[in-house]
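# Reading the structure
If you want the building blocks of each chain, they are given just below.
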Amino acid sequence: MKKTPTGTAGQIEQKQEHKQSYQNIPLYNINVRAIDLRSSHPEIEEMDFLAMPVRDEQNGTYDAIVCSMVLNCVTTPEDREATLSLLYKHLVPGGLCFLTIAKICLNQ
């Protein structure tokens, strides 16, 4: 992803005071698609990641994926494998995936 700051310092400060949006972050030219299995925020799409279609099998869709505290909620080894495989398929070549899990899950 390429960061392209725009505007003057005064405009940048003014933009940062506004409510955070999960849809896009124009200051750095970042488009965000936020999903959750049980969303409690109107800007976070309610969706099961395992049911999310892969748009482009060959080239992926996303430059980066953040998967925070998700794998520890996936109950079976088969579904964890499917989740990791889907993460890879959704990434463009050279894309980045950031995973976080609870330390206790490393032993399970």
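Before reading on, note that the structure itself is shown above.
A brief report on the enclosed structure follows. On a predicted model such as this, the values are computed, not experimentally measured, just so you know.

Quick look at the overall build of the protein now. A tally of regular secondary structure across the protein gives two helices and six strands. Written out in order from the N terminus, the α and β elements of the protein read α-β-β-β-β-β-α-β. Summed over its atoms, the accessible surface of the protein is roughly 8400 Å², and 53% of this surface lies on carbon and sulfur atoms.

Together, Val-66, Leu-96 and Phe-98 make up an exposed nonpolar region whose accessible area comes to about 310 Å². Structurally, Phe-98 can be placed in strand 6 (residues 91–100). Here Phe-98 falls in the partly exposed class, since its relative accessible area comes to 44%.

Turning our attention to the nonpolar core. Residues Phe-49, Met-52, Val-54, Tyr-62, Ile-65, Cys-67, Leu-86, Leu-87 and Leu-91 constitute the largest nonpolar core, which totals nine residues. Those elements that place two or more of their residues in this core are strand 5 (62–68) and helix 2 (77–90). Among all residues touching Val-54, those that are not within four sequence positions of it are Leu-86, Lys-89 and His-90.

Another aspect to go through is unusual backbone geometry. With phi around 55 degrees, Met-69 is a residue other than glycine that occupies positive phi space. For Met-69, the location among the structural elements is in the loop between strand 5 and helix 2. Overall, Met-69 belongs to the partly exposed group, its relative accessible area being 38%.

Attention shifts here to the state of the cysteines. Applying the stated criterion to the full structure yields zero disulfides. Cysteine Cys-67 remains unbridged, with the sulfur of Cys-97 as its closest cysteine sulfur at 6.0 Å. What makes Cys-67 buried here is its relative accessible area of 6%.

Mapped onto the elements, His-90 comes out in helix 2. Apart from residues lying up to four places away in sequence, His-90 is in contact with Phe-49, Met-52, Pro-53, Val-54, Gly-60, Thr-61, Tyr-62 and Ile-65.

What follows is about the environment of Glu-46. In this fold, Glu-46 is placed in strand 4 (residues 45–46). Under the relative-accessibility criterion, Glu-46 is labelled exposed at 56%. Each C-alpha atom of the pair Glu-46 and Asp-36 lies 5.2 Å from the other, and the pair is ten residues apart in sequence. For Glu-46, the side chain forms a polar contact with the main-chain nitrogen of Ser-39, separated by 3.2 Å.

Applying the stated criterion across every chain yields a total of one salt bridge. A salt bridge links Arg-33 to Glu-45, with the nearest nitrogen and oxygen atoms 3.0 Å apart. With Arg-33 in the loop between strand 2 (30–31) and strand 3 (35–36) and Glu-45 in strand 4, the pair connects residues that are twelve residues apart, well separated along the chain. With relative accessibility at 32%, the residue Arg-33 sits in the partly exposed group.

What counts as what
- Residues numbered from 1 in each chain as written.
- Predicted model: local features only at pLDDT ≥ 70, side-chain atom pairs only at ≥ 80, totals over all residues.
- Heavy atoms only, no water.
- Helix = DSSP H or I, 4+ residues; strand = E, 2+ residues; numbered from the N terminus.
- Areas by Shrake-Rupley, 256 points an atom, 1.4 Å probe, with all protein chains shown as cover.
- Patch = residues over 30% accessible without salt bridge, like charges linked within 9 Å, V, L, I, M, F, W, Y side chains within 5 Å.
- Salt bridge = Lys/Arg side-chain N within 4 Å of Asp/Glu carboxyl O.
- Buried < 20%, exposed > 50% of the residue type's maximum accessible area, 1.4 Å probe, protein only.
- Core = buried A, V, L, I, M, F, W, Y, C linked by side-chain atoms within 4.5 Å.
- Contact = heavy atoms within 4.5 Å.
- Disulfide = S-S within 2.5 Å.
- Polar contact = N/O pair within 3.5 Å; in protein donor to acceptor, adjacent residues only side chain to side chain.

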